[in-house]
Amino acid sequence: MEGSRPQVYISRTESFSACHRLHSNVLSEEDNKKLFGKCNNPNGHGHNYKVEVIVRGSVDPVNGMVMNLVTLKDYMDQRIMQVLDHKNIDKDVLYFKNIVSTAENIVVFIWKQLEEVIPKDLLYEVKLHETDKNVVYYRGEMFKNG
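Residues numbered from 1 in each chain as written. Predicted model: local features only at pLDDT ≥ 70, side-chain atom pairs only at ≥ 80, totals over all residues. Heavy atoms only, no water.

An unreviewed UniProt entry lists the protein under the name 6-pyruvoyltetrahydropterin synthase, with Mytilus galloprovincialis as the source organism. Within the UniProt record for the protein, the comment given under Sequence similarities (unreviewed entry) is "Belongs to the PTPS family." Per UniProt, the protein carries the Pathway (unreviewed entry) text "Cofactor biosynthesis; tetrahydrobiopterin biosynthesis; tetrahydrobiopterin from 7,8-dihydroneopterin triphosphate: step 1/3." (UniProt positions renumbered as here; feature names shortened; annotations may be inferred.)

Rendered as structure tokens:
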């Protein structure tokens, strides 16, 4: 098709270490222990997270890039690494004051952090590996109630 350019997906991965406690302020201590088990330890527990940010767009005919990877690296450092690495997510990140720090909520938080600096039409997906076996994905989609 004349005038069209290839759409390409690029990704960058970083790793960070952080601790958290799965605990809901709206549940009783007993219900929290029952629901979250050992992940409700009052002193928290840690993970070595891996986060992958995927952007997509058309290849610029002048510079040959969808997005400069150095820029993406800088955004990830500012918006993910400086905020979450070696932190207690529940105590050091205000967003989680009243939000349970599940992997699902952490990946949404990371998306929100990045969408402030990466154009929405470029930010495609954030993948968060909480463990080698537990991975969550988010693409900025919202469900409508009703």
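Let us look at the packing of aromatic side chains. Applying the stated criterion across every chain, the model contains 6 aromatic pairs. Taken together, a centroid distance of 5.0 Å and an interplanar angle of 45 degrees make the contact between Y95 and F109 tilted. Pair noted here: Y95 is in the loop between helix 3 (89-92) and helix 4 (103-115) and F109 is in helix 4, with a separation of 14 residues, a long-range link. Take Y95: its relative accessible area is 25%, and that puts it in the partly exposed class. Note on F109: relative accessible area 6%, which makes it buried. Cluster of aromatic residues (ring-pair linked, three or more members): Y95, F96 and F109. (Phe/Tyr/Trp six-rings, centres within 6.5 Å; stacked < 30°, edge-to-face > 60°. Helix = DSSP H or I, 4+ residues; strand = E, 2+ residues; numbered from the N terminus. Buried < 20%, exposed > 50% of the residue type's maximum accessible area, 1.4 Å probe, protein only.)

A few words on the sheet that holds strand 3 (residues 87-88). Across the sheet, which stays open at both edges, the 5 strands sit in the order 3-1-2-4-5 with mixed pairing between neighbours. Every interior strand has two partners, whereas the edge strands, strand 3 and strand 5 (135-138), have only one. With 14 bridges connecting them, strand 1 (residues 7-20) and strand 2 (residues 45-58) associate as antiparallel partners. Bridging across to strand 2, F16 finds its partner in Y49. Those strands touched by helix 2 (residues 69-84) are strand 1, strand 2 and strand 3, and its axis lies near 20 degrees from that of strand 1. (Pairing = 2+ DSSP bridges. Contact = heavy atoms within 4.5 Å. Axes fitted to C-alpha atoms, helices over the stretch in contact; angles between N-to-C directions.)

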